[in-house]
Amino acid sequence: MRRRVRLYLAVAAGGFRRYATYGTATAAGVFTNTVFGFIVAYTYIALWDERPGLGGYDQAQALTFVWVSQSLLAAGALIGGGFQEELQERIRTGDIAVDLYRPADLQMWWLAADLGRAGFQLLGRGVVPLVAGALAFPLALPVDPLRWLLFLVSVLLALVVSFALRYMVGLVAFWLMDGAGVNIMATVTSIFFSGMLLPLTVFPGGFGEFVRALPWSAMLQVPLDVLLGRHAGAGGAAEALGFQAGWALVLLGAGRLLQSAATRKVVVQGG
Amino acid sequence: MEAVPARPRGLAVDVGRAPAEGRIRRGGPVREGLRGYRLIVGMWIRSTMTYRTSFVLTTVGHAAITLLDFVAIYIMFSHVDALGGFTLPEIALLYGSCSASLGLADMLLGNTDRIGARIRDGSLDTMLVRPVPVLAQVAADRFALRRLGRIGQGLGVMGWALWTLDVDWTAGKVLLVPGMVLAGAAIFAAVMVTGAAFQFVTGDAAEVQNSFTYGGCTMLQYPPTVFAKDLLRGVTFVVPLAFVNWLPALHVLGRPDPLGLPGWVAYLSPLVAFVVFLPASLAWRAGVRSYRSTGS
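As the structure is a prediction and not an experimental result, all values here were calculated from the model.

### Quick look at the overall build of chain A
Reasoning step 1: The number of helices and strands found in chain A is 13 helices and 0 strands.
Reasoning step 2: Based on the C-alpha atoms only, the size of chain A along its principal axes is roughly 65 × 40 × 40 Å.
Reasoning step 3: Evaluated residue by residue, chain A yields a buried proportion of 51% over its 271 residues.

### Some thoughts on the overall build of chain B
Reasoning step 1: The secondary structure content of chain B amounts to 14 helices and 0 strands.
Reasoning step 2: Going from N to C terminus, chain B has its helices and strands arranged as α-α-α-α-α-α-α-α-α-α-α-α-α-α.
Reasoning step 3: For 296 residues, the compact-globule estimate of 2.2 N^0.38 gives 19 Å, and the C-alpha radius of gyration of chain B, at 21 Å, lies within 12% of that figure.
Reasoning step 4: Along the first, second and third principal axes, the C-alpha atoms of chain B reach 65 × 45 × 35 Å.
Reasoning step 5: Looking at chain B as a whole, 48% of its 296 residues qualify as buried.
Reasoning step 6: Considering only intrachain contacts with a sequence separation of at least 6, the fraction spanning at least 24 residues in chain B is 83%.

### Quick notes on the interface of chain A and chain B
It is common to report an interface's size as the accessible area lost on association of the parts.
Reasoning step 1: Taken together, the contact pairs 33 residues of chain A with 35 residues of chain B.
Reasoning step 2: Ranked by residues supplied to the side of chain A that touches chain B, first place goes to helix H2 (residues 23-50) of chain A with 14 residues.
Reasoning step 3: Split by residue class, the side of chain A that touches chain B holds 25 nonpolar, 5 polar and 3 charged.

### Some remarks on helix H4 (residues 84-93) of chain A
All names here are of chain A.
Reasoning step 1: Where H4 is concerned, the buried positions are Gln84, Leu87, Gln88 and Ile91. The arc that holds every buried residue of H4, seen down its axis, measures 100°, which confines them to one face.
Reasoning step 2: Summarising the contacts, the buried residues of H4 are in contact with helix H5 (96-101), helix H6 (106-124), helix H8 (145-171), helix H9 (173-176) and helix H10 (180-193).
Reasoning step 3: Once H4 finishes, Gly94 follows within two positions and takes phi at roughly 95°, a positive value.

### As for helix H4 (residues 88-109) of chain B
Reasoning step 1: In a regular helix each residue adds 1.5 Å, so 22 residues correspond to 32 Å; H4 of chain B covers 31 Å between its end C-alpha atoms and thus fits that length.
Reasoning step 2: Where burial is concerned, most of H4 of chain B is hidden: 21 out of the 22 residues are buried.

### Concerning the confidence of the model for chain B
Residues and elements named next belong to chain B.
Reasoning step 1: Across chain B, pLDDT averages 85, with 90% of residues at or above 70.
Reasoning step 2: Element-level pLDDT for chain B is lowest in helix H1 (residues 11-17), with a mean of 40, against a maximum mean of 94 in H4.
Reasoning step 3: This model gives residues 1-23 a pLDDT under 50, and the stretch forms 17 contacts once residues within four places in sequence are excluded.
Reasoning step 4: In the model output, the complex is listed with pTM 0.87 alongside ipTM 0.85.

### Topic: unusual backbone geometry
Reasoning step 1: The backbone of Ala77 of chain A shows a phi angle near 50°, a positive value even though the residue is not glycine.
Reasoning step 2: Along the polypeptide, Ala77 of chain A turns up in the loop between helix H3 (59-73) and H4.
Reasoning step 3: In this structure, Arg142 of chain B is a non-glycine residue whose phi angle is positive, near 50°.
Reasoning step 4: When you line up the elements, Arg142 of chain B lands in the loop between helix H7 (134-140) and helix H8 (148-164).
Reasoning step 5: Exposure remark for Arg142 of chain B: the 11 C-beta atoms within 10 Å place this residue in the exposed category.

### Quick notes on the packing of helix H12 (residues 221-228) of chain A against helix H13 (residues 233-264) of chain A
Residues and elements named next belong to chain A.
Reasoning step 1: Following both chains from N to C, one finds H12 and H13 inclined at 165°, their axes separated by 10 Å at the closest point. Taken together, the axis directions place H12 and H13 in an arrangement best described as roughly antiparallel. Crossing of H12 over H13 shows left-handed handedness. The segment H12 lies against H13, with Val222, Asp225 and Val226 engaging Ala237, Ala240, Phe243 and Gln244.

### What about the nonpolar core?
Reasoning step 1: Judged by nonpolar contacts, the single largest core of 172 residues is most densely connected at Val161 of chain A together with Ile187 and Ala189 of chain B.
Reasoning step 2: Per-element accounting of this core gives the leading share, 17 residues, to helix H9 (residues 171-202) of chain B.
Reasoning step 3: The contacts of Ile187 of chain B, once residues within four sequence positions are left out, are Pro240, Leu241, Phe243, Val244, Val272, Ala273 and Val276 of chain B.

### Section: the environment of Arg166 of chain A
All names here are of chain A.
Reasoning step 1: Along the polypeptide, Arg166 turns up in helix H8.
Reasoning step 2: Exposure remark for Arg166: the 27 C-beta atoms within 10 Å place this residue in the buried category.
Reasoning step 3: Note: C-alpha distance between Arg166 and Gln84 (82 residues apart in sequence) is 6.0 Å.
Reasoning step 4: In contact with Arg166, not counting residues within four places along its chain, are Ala77, Gly82, Gln84 and Ala186.

### Focus on the environment of His231 of chain A
Residue and element names in this part refer to chain A.
Reasoning step 1: Position of His231 relative to the elements: it lies in the loop between H12 and H13.
Reasoning step 2: Its 21 C-beta neighbours within 10 Å are what place His231 among the buried residues.
Reasoning step 3: Considering only alpha carbons, one finds His231 and Phe210, 21 residues apart in sequence, at a separation of 19 Å.
Reasoning step 4: When residues no more than four places from it in sequence are discounted, the contact partners of His231 are Asp225, Val226, Gly236, Ala237, Glu239 and Ala240.

### Structural notes on the packing of H9 of chain B against helix H14 (residues 269-290) of chain B
Residues and elements named next belong to chain B.
Reasoning step 1: Running from N to C, H9 and H14 point in directions that differ by 20°, and their axes come no closer than 8 Å. In terms of orientation, H9 lies roughly parallel with respect to H14. For the pair H9 and H14, the sense of crossing is left-handed.
Reasoning step 2: Here the residues of the contact of H9 with H14 sort into 19 nonpolar, 7 polar and no charged.

Reading the values: the criteria
Residue numbers here run from 1 along each chain, matching the order of that chain's written sequence. Chain letters start at A and ligand numbers start at 1, both assigned in the order the entries are written. Only residues with pLDDT of at least 70 are given local features in this predicted model, and only at 80 or more are side-chain atom pairs given and counted; all residues enter the totals for whole chains, interfaces and linings. Note on conventions: DSSP H or I runs of at least 4 residues are helices, E runs of at least 2 residues are strands, and numbering of each starts at the N terminus. Put plainly, a residue is buried at 20 or more neighbouring C-beta atoms within 10 Å of its own, exposed at 12 or fewer, and partly exposed in between, counting only other residues' C-beta atoms, which are placed from the backbone. Each radius of gyration reported is based on C-alpha atoms, and the globular scaling rule is 2.2 Å times the count of residues to the power 0.38. In this description, any two residues whose backbone-derived C-beta atoms lie within 7 Å of each other are considered to be in contact. When residues are sorted by character, Ala, Val, Leu, Ile, Met, Phe, Trp, Tyr, Cys and Pro go into the nonpolar class, Asp, Glu, Lys and Arg into the charged class, and all the rest, Gly among them, into the polar class. Directions pointing from the helix axis toward each C-beta atom define the arc. To estimate the expected span of a helix, count its residues, drop one, and scale the result by 1.5 Å. pLDDT measures how confident the predictor is about each residue, on a scale from 0 to 100. Between N-to-C directions, angles cover 0 to 180 degrees, with each direction set by a line fitted to C-alpha atoms, over the stretch in contact for helices. Roughly parallel refers to an angle under 35 degrees, roughly antiparallel to one over 145, roughly perpendicular to one between 65 and 115, and oblique to any angle outside these ranges. Definitions for this section: a left-handed crossing has its near helix turned counterclockwise from the far helix by less than a right angle. A right-handed crossing has that turn clockwise. Nonpolar cores are identified as sets of buried Ala, Val, Leu, Ile, Met, Phe, Trp, Tyr and Cys residues joined via C-beta atoms within 7 Å.

This is the structure we're talking about:
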């Protein structure tokens, strides 16, 4: 058991270091996130000027939503990125046979690597845009350290949910060979249903309730609401984190089922 | 067969011109480039069609990306009647034209941002020795027909906007609509070429150009009245994204420009597109000249 933990920690550290190597790419990403942050912030100001209190947020909270989502976007691989394309490439080329042969669980291996990547991107791509946003606009960031702690737990759960979904997206390559189509569909749904385009609390009526119950909501909307204090009190926090943990377990389980279905059909090509 | 042109055109292209094949008609460099571009694009289209399910899914996906963007705007308008003083059909016009322009530029040379990867893994060297201008090869690299999805979506939304809006049409305005989509695509294309040239210097900063293309389009789908004046000046006079759709569309809608520019400026988009290609192509040449292979 201890050796297992050490193994996955090493894999995660590898994921972290791998992404930390690309300094210019990180700087370019930070620049892009900041530019997008400014653009979206201006549109939200126009929207919240017109309808103060929309979605239950005041303008400062709406702006916080913008900037924190820009900070989480790379870590959560919400607009693509992450490991799934690499997994698909390994399936297409047959390298996956090597992975399956390793004395480590395939899903846990990739989870560890992806969390390592996300850890780097949270720091490398998350901090600067948020600071830029906080300097340029009045944000409603909490001062309570407990709230920040809850937020970090919620972000971790969000990353696991995001991984679990993308793991299944990656495995689809066993059947389709070329994953490009599924990847785009997955990105589209995650952009829209995570709340990145527009907070899910702004979505009207029954449709709003429906999208807030979907797993993508656990990837962005819930952590942000935890940060903004909408799930105040022990009960509220437990409910929010429980919602995320529930989806994480369900999706990881579904991923395992898909994995066992997929590996039963593996035929390794020689060469 | 022609002699190698006297004017030095960069080592890369000339090396490849050496083998003399009677069948190859040698036109000017532009025609030669277009021919190479056409051939590579044809190859990628055939290759795409090998995985048909994936092609259909990606095309629908590209259409859906833009559709969902618009759904978000639509949801905003379920709460408000106007944003920055603009109604939903007016914003739809901005959104649709910009999306179509970006889609077109993205399809024709959107994969130029892959040049960073090619520089890193050394595969750009292979391109340099082929008898086709490097820009044509880079532009056609992994040509993605699926991007038709975005173009169709953008044109669809734009069509709906023009159908719904009560525009006071004149001959000039009628010409301005297709003109703005094409000129907008050309402006985005120039940004993409500049971005690709920039990667000769930085290696893996492909994402910076997304700020100007995708970021630009996100901005241009909202009315200019929403943004700060300094930002408007920047995208009018520095990186002239305002000419992609804001200035022409404001004229079509009969609205004044927030910077107070005169009405005829709306017709300048094609000229601006032409002018921005100058620094773009200079940057590209400088980039190719400065290229040092990684040696692997």
